[in-house]
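Structural overview for review
Now for the letters of each chain:
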Amino acid sequence: MDEQITIDKVLNNNVVIAKHPSYQEVVLIGKGIGFNKKRGDSISFNKADKTFLLKNENEKQQYVNLIPHIEEGFIDFMNDLLYHIENRMGQELNEHIHVALTDHLAFALKRTQKNMQFTNPFLPEIESLYPKEYQIALEVVTMVYDQLGVQFPEGEIGFIALHIHSAVTDKTLREINRHNQLITNLVELVEETMHVTIDKHSVDYHRLVQHLHRAIDRVYQDESIGDEIRLANMLKNEYPMCYNLAWKLIKVMQKQLNKPVDESEAIYLTIHLQRLTKKS
């Protein structure tokens, strides 16, 4: 069925905002979809290559303000990138990625072209925590180079991975960054207390970061991993340094998250920390 809808705003030749009878405002993206069009004109809903809703008024306004400053060819390319990400993740993305990632990549291109150097302090944690998103972000960076001839620095992979993770979990970048900052602080506390430098590419590092990540998620979800008093007492006697450090980490987590952490987390943290002592 060729459904006709009414254009509300033409952002450029390839992007329009239209009034839809069921979805209210909808963004339509397609080659030449806005060419010679104006507000009030009818347009075929099926003509769009991509449609999405922007229910958040702030995001909609941000998108409206952003598009006029971006080359039309880049919008087409973003459509290809988002299709690739959605296809590789195997699930629909939260619509806010259309605004957030478009804005981020447009600015990243300008930074890179001006040779503005920057680093991503959470890169090892991001690669460990979100391996699938990281791999897809690497593919996006490759697509940018192949299509636009711009080679993003390594740190950009991490930022793109965070945008992808945000779009599949509906968590804000602010929440995710707070989470990653806490994990970074906890790992630094481990290194400082144990007088070790943990290889960020090692299996032990990966296991520790994954456990901290799951522990923080359990705190948010008020989950317990069980009460193992006998095992806790054994670990406390066998590995007092690691057991005490585990409780230091728990206290930091409790302070940062402003929520109680289940005492049984100390058991599993002690086991992870003991593995690290064997490597030092």
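Quick caveat, the model's predicted, so the values are computed rather than measured.

On to the overall build of the protein chain. The helix and strand tally for the protein chain stands at eleven helices and five strands. Relative to the globule expectation of 19 Å for 280 residues, the C-alpha radius of gyration of the protein chain, 24 Å, shows a markedly less compact shape. Each principal axis of the C-alpha distribution contributes one length, and for the protein chain these read about 75 × 40 × 30 Å. Looking at the protein chain alone, contacts between residues at least 24 apart form 66% of all its contacts between residues at least 6 apart. On the protein chain, roughly 15200 Å² of surface is accessible, and the fraction owed to carbon and sulfur atoms is 47%. Averaging the coordinates of the 31 positive side-chain charges in the protein chain and doing the same for the 39 negative ones gives two points 3 Å apart.

So, about the packing of helix α3 (residues 97–113) against helix α6 (residues 154–169). Two elements in contact, α3 and α6, have axes whose closest approach is 10 Å; the angle formed by their N-to-C orientations is 170°. Regarding the angle of α3 to α6, the classification is roughly antiparallel. Facing α3, whose interface residues are Ile 97, Ala 100, Leu 101, His 104, Leu 105, Ala 108 and Arg 111, α6 presents Glu 156, Phe 159, Ile 160, His 163, Ile 164 and Ala 167. By residue class, the composition of the contact of α3 with α6 is nine nonpolar, two polar and two charged.

The final tally for this structure, using the stated rule, is one aromatic pair. Seen in terms of ring centroids, Phe 74 and Phe 77 are 6.3 Å apart; in terms of plane orientation they differ by 55°. Their pairing is tilted. You can see Phe 74 and its partner Phe 77 sitting in helix α2 (residues 72–89), three residues apart, about one turn around the helix.

Formed by 81 residues in total, the largest nonpolar core has its most connected members in Tyr 63, Ile 85, Met 253 and Leu 273. If sequence neighbours within four positions are ignored, Tyr 63 has contacts with Leu 11, Val 15, Val 27, Ile 29, Phe 52, Leu 54, His 98 and Val 99. In this structure, Ile 7, Ile 33, Ile 43 and Phe 45 belong to the second largest nonpolar core, which totals ten residues.

A separate point is α6. Between its first and last C-alpha atoms α6 spans 24 Å; for 16 residues at 1.5 Å apiece the expected length is 22 Å, and the two agree. Downstream of α6 by one or two residues, Asp 170 has phi in the positive range, about 65°.

Detailed reading of the predicted coordinates is not advisable wherever pLDDT is low. Averaged over all residues, the pLDDT of the protein chain equals 87, while 96% of them reach at least 70. Averaged over each element, pLDDT in the protein chain is lowest for helix α9 (residues 229–238) (76) and highest for helix α5 (residues 131–148) (96).

Before going further, it helps to examine the sheet that holds strand β1 (residues 4–12). One open sheet holds the five strands; their spatial order is β4-β1-β2-β3-β5, and the pairing between them is antiparallel. For this open sheet the edge positions go to β4 (42–44) and β5 (50–52), each flanked by a neighbour on one side alone. Going across the sheet, the axis of each strand differs from the next one's by a mean of 45°, ignoring polarity. Judged from the three bridges that link them, strand β3 (residues 24–29) and β5 form a sheet pairing that is antiparallel. From the neighbouring strand, Leu 28 faces β5, where its bridge partner is Thr 51.

A word on the packing of α6 against helix α7 (residues 173–194). Any two packed helices are characterised by the angle at which their axes cross and by the distance between the axes. With their axes 9 Å apart at the nearest point, α6 and α7 run at an angle of 120° to one another. With respect to the hand of their crossing, α6 and α7 are arranged in right-handed fashion. Residues Leu 162, His 163, His 165 and Ser 166 of α6 pack against Leu 173, Ile 176, Asn 177 and Asn 180 of α7. A per-class count over the contact of α6 with α7 returns three nonpolar, five polar and no charged.

Analysis parameters
- Once a new chain begins, its residue numbering starts again from 1 and follows that chain's sequence as written.
- Where local features are concerned, this predicted model is filtered to residues with pLDDT of at least 70; where side-chain atom pairs are given and counted, the filter is 80 or more; whole-chain, interface and lining totals use all residues.
- In computing side-chain values, all of the structure's heavy atoms are included and hydrogens and water are not.
- Secondary structure is summarised from DSSP: a helix means a run of H or I of at least four residues, a strand means a run of E of at least two, and numbering begins at the N terminus for each.
- The globule rule is 2.2 Å times the number of residues to the power 0.38, and the radius of gyration it is compared with is taken over C-alpha atoms.
- In this analysis, two residues are considered to be in contact whenever any of their non-hydrogen atoms come within 4.5 Å of each other.
- Surface accessibility follows the Shrake-Rupley procedure with a 1.4 Å probe radius. Residue values consider only the protein chains on display as shielding.
- The positive count covers Lys and Arg only, the negative count covers Asp and Glu only, and His and the chain ends enter neither.
- Here the site of a charge means atom NZ of a Lys, CZ of an Arg, CG of an Asp or CD of a Glu.
- A fitted line through C-alpha atoms represents every axis, and for helices the fit uses only the stretch in contact; the resulting angles, taken between N-to-C directions, go from 0 to 180 degrees.
- Should an angle lie under 35 degrees it is considered roughly parallel, over 145 roughly antiparallel, and from 65 to 115 roughly perpendicular; all remaining angles are considered oblique.
- Throughout, the ten residues Ala, Val, Leu, Ile, Met, Phe, Trp, Tyr, Cys and Pro are labelled nonpolar, Asp, Glu, Lys and Arg are labelled charged, and all others, Gly among them, are labelled polar.
- Note on aromatic pairs: the rings of Phe, Tyr and Trp (six-membered ring only in Trp) are paired at centre separations within 6.5 Å, and the planes decide the class, stacked below 30 degrees, edge-to-face beyond 60, tilted for the rest.
- Residues belong to a common nonpolar core when they are buried Ala, Val, Leu, Ile, Met, Phe, Trp, Tyr or Cys residues joined through side-chain atoms within 4.5 Å.
- The buried label goes to any residue with under 20% of its type's maximum accessible area, the exposed label to any with over 50%, and the partly exposed label to all in between, with areas taken from a 1.4 Å probe on protein chains only.
- A helix is expected to reach a length of 1.5 Å times the quantity of its residues less one.
- A score between 0 and 100, pLDDT records how confident the predictor is in each residue.
- Strand pairing requires that DSSP identify at least two bridges connecting the strands.
- Two helices that cross are described as forming a left-handed crossing if the nearer one is turned anticlockwise from the farther one by less than a right angle, and a right-handed crossing if clockwise.

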